[in-house]
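Tertiary structure, described
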Amino acid sequence: MRTLVKNIKELVGVESTPQLRKQGKEMAQLETVKDAYLLVEDGKIKAFGPMSGWKGTADREVDATGRLVFPTFCDSHTHIVYANSREHEFVDKIRGLSYEEIAKRGGGILNSAKATAAASEDELYDMALQRLDGVMRLGTGAIEIKSGYGLSTESELKLLRVIRRLKETSPMTIKSNFLGAHGIPMEYRGHQEDYVDLVINEMIPRVADEGLADFIDVFCDQGFFTVEDTERILTAGIKYGMRPKIHANEMAVSGGVQVGVKYNAISVDHLEQMGDAEIECLKGSDTMPTILPGCAFFLNLPLSPARKMIEAGLPVAMASDYNPGTSPSGNMQLVLSMACIRYRLTPEEALNATTLNTAYAMGVSDEVGSIAVGKKANFYITKPIASYEYMPYAYGENKVERVFLNGVEV
């Protein structure tokens, strides 16, 4: 099956020589083709170029006159398998309670864990599938999904089995992440090392036995898991073939960045609290610093120094952190806008941060994240818009008209 998308006003994010990620000054580089075509064959990108150079036949033609075509967003940090929303905690925050205060009294992650334990696998799957469909309509084509609202062996396995079902049934590219160390259950408060033992000795072997996780993650931060806890958990996960990712430096400079780099984490995420030592540590590493603008916005946290990181030569990715408590939105168009408005990235940098670099942060930048021959044909066609700069500019508007994943319109 050959599909031709023709008369594209501008084809954005093309790569003649594909890269796995962009860093430093490279992030400002965004190749486009005006008055272009895109040829899809058997779910992959077969060719692209100026419309004047098209010669051939196709089984189907899609006319994109007046419209732009982009690679779909890649969202490398989400928690979309959960049972309940937490708008009452939203009101608590308005009234002055901090995230840490809510967590200490059994709210936050523990609140979601309780509701998740009570929900069936089918219920969790149906809710998560609906959320996946919602973000797909907004232009997301690849997504990483974490467990972490289980905090017991059986509940964590239930969440990861839901993610496996989503992998099997959704057209999206999905990666699974075991985040048993997301919070400390109330019964382990004061002796959290016993919960760390449970994660290491019981959860990780069972997750590995069923092949449920691509990554292993730890919330290494003030009030959560220490660097020592994190090292123990990551070491155990690595033995079972799970590559690390880290929640780091959301609440404080925690050492999470350093431990992530030490264990070759594919990404360190959040980074609201960053100093020169953290930036220096990331230089020359294979670890992708990943900023979560929605969380900083929702919790009114300090902004990660994205400009300083790019100017230091680092790559930067930006993901949604879609979850019920601290970032209840998976809208990557909004993340793109926040990257420009709040973090002062140029549109070119922001587009690279939400496509190619987030694809790298979930280990799939050889498959998705740009328009390149041989990659999956994951792209969206916009409504009629003037330029690619309009995408981050019109922050309250859905600019996506049609979405194609694996070459098929969804």
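Here, the structure is the one placed above.
Everything quoted here is computed from the prediction, not taken from an experiment. (Residues numbered from 1 in each chain as written. Predicted model: local features only at pLDDT ≥ 70, side-chain atom pairs only at ≥ 80, totals over all residues. Heavy atoms only, no water.)

A few words on helix H1 (residues 87–94). Listed as buried for H1 are Glu89, Asp92 and Lys93. For H1, the arc enclosing every buried residue in end-on projection is 100°, short of the 170-degree limit, so these residues lie on one face. One or two residues past the end of H1 sits Gly96, with phi positive at roughly 115°. (Buried < 20%, exposed > 50% of the residue type's maximum accessible area, 1.4 Å probe, protein only. Helix = DSSP H or I, 4+ residues; strand = E, 2+ residues; numbered from the N terminus. Arc of directions from axis to C-beta.)

The subject of this paragraph is the pairing of strand E8 (residues 173–181). Burial analysis of E8 places eight of its nine residues in the buried class, which makes it a mostly covered element. Across five bridges, the pairing between strand E7 (residues 140–146) and E8 is parallel. The partner of Lys146 across the bridge, within E8, is Asn177. Bridge count for E8 against strand E9 (residues 215–220) is three bridges, and the pairing is parallel. Counterpart to Ala181 in the pairing with E9 is Val218. (Pairing = 2+ DSSP bridges.)

A few words on the pattern of salt bridges. Summed over the entire model, instances satisfying the criterion amount to 24 salt bridges. Two residues, Asp122 and Arg165, come together in a salt bridge whose shortest N-O distance is 2.8 Å. Here Asp122, found in helix H4 (residues 121–137), pairs with Arg165, found in helix H5 (residues 153–169); they are 43 residues apart in sequence, far enough to count as distant. Asp276 is the salt-bridge partner of Lys308, the closest N and O atoms lying 2.6 Å from each other. Residue Lys308 is located in helix H11 (residues 306–311), and its partner Asp276 is located in helix H9 (residues 276–282); the two are separated by 32 residues in the primary sequence. Taking relative accessible area as the criterion, Lys308 reaches 45% and is therefore assigned partly exposed. Asp276 sits in the exposed class, given a relative accessible area of 51%. Several salt bridges converge on common partners, so that one network encompasses Glu144, Lys146, Asp217 and Lys245. (Salt bridge = Lys/Arg side-chain N within 4 Å of Asp/Glu carboxyl O.)

Let's shift gears to the packing of H4 against H5. Two elements in contact, H4 and H5, have axes separated by 9 Å at closest approach and are oriented at 50°. As judged from the angle between their axes, H4 and H5 are oblique. Like other packed secondary-structure pairs, H4 and H5 cross with a definite hand, here right-handed. Across the interface between the two elements, Glu121, Asp122, Leu124, Tyr125, Ala128, Leu129 and Leu132 of H4 pack against Lys158, Leu159, Arg161, Val162, Arg165, Leu166 and Thr169 of H5. Looking at side-chain class alone, the contact of H4 with H5 contains eight nonpolar, one polar and five charged residues. (Axes fitted to C-alpha atoms, helices over the stretch in contact; angles between N-to-C directions. Parallel < 35°, antiparallel > 145°, perpendicular 65-115°, else oblique. Left-handed = near helix turned anticlockwise from the far one by under 90°. Contact = heavy atoms within 4.5 Å. Nonpolar A, V, L, I, M, F, W, Y, C, P; charged D, E, K, R; others polar.)

All right, on to the sheet that holds strand E13 (residues 317–318) then. Reading across from one edge, E6-E7-E8-E9-E10-E11-E12-E13 is the order of the eight strands in this open sheet, with parallel pairing throughout. Both outer strands of the open sheet, strand E6 (73–78) and E13, are each paired with one neighbouring strand and no more. Examined bridge by bridge, strand E10 (residues 243–248) and strand E11 (residues 267–270) share four bridges and lie parallel to one another. Residue pairing across strands places His247 opposite Asp269, the latter belonging to E11. Strands E7 and E8 of the sheet are contacted by H5, whose axis makes an angle of about 175° with E8. Packing of helix H7 (residues 227–239) onto the sheet brings it into contact with E8, E9 and E10, and relative to E9 it is tilted by some 175°.

The next point concerns unusual backbone geometry. The backbone of Leu151 sits at a positive phi, close to 60°, despite the residue not being glycine. Residue placement: Leu151 occurs in the loop between E7 and H5. For Leu151, a relative accessible area of 6% puts it in the buried group. Not every positive phi belongs to a glycine, and Asn249 is a case in point at roughly 60°. What makes Asn249 buried here is its relative accessible area of 0%.

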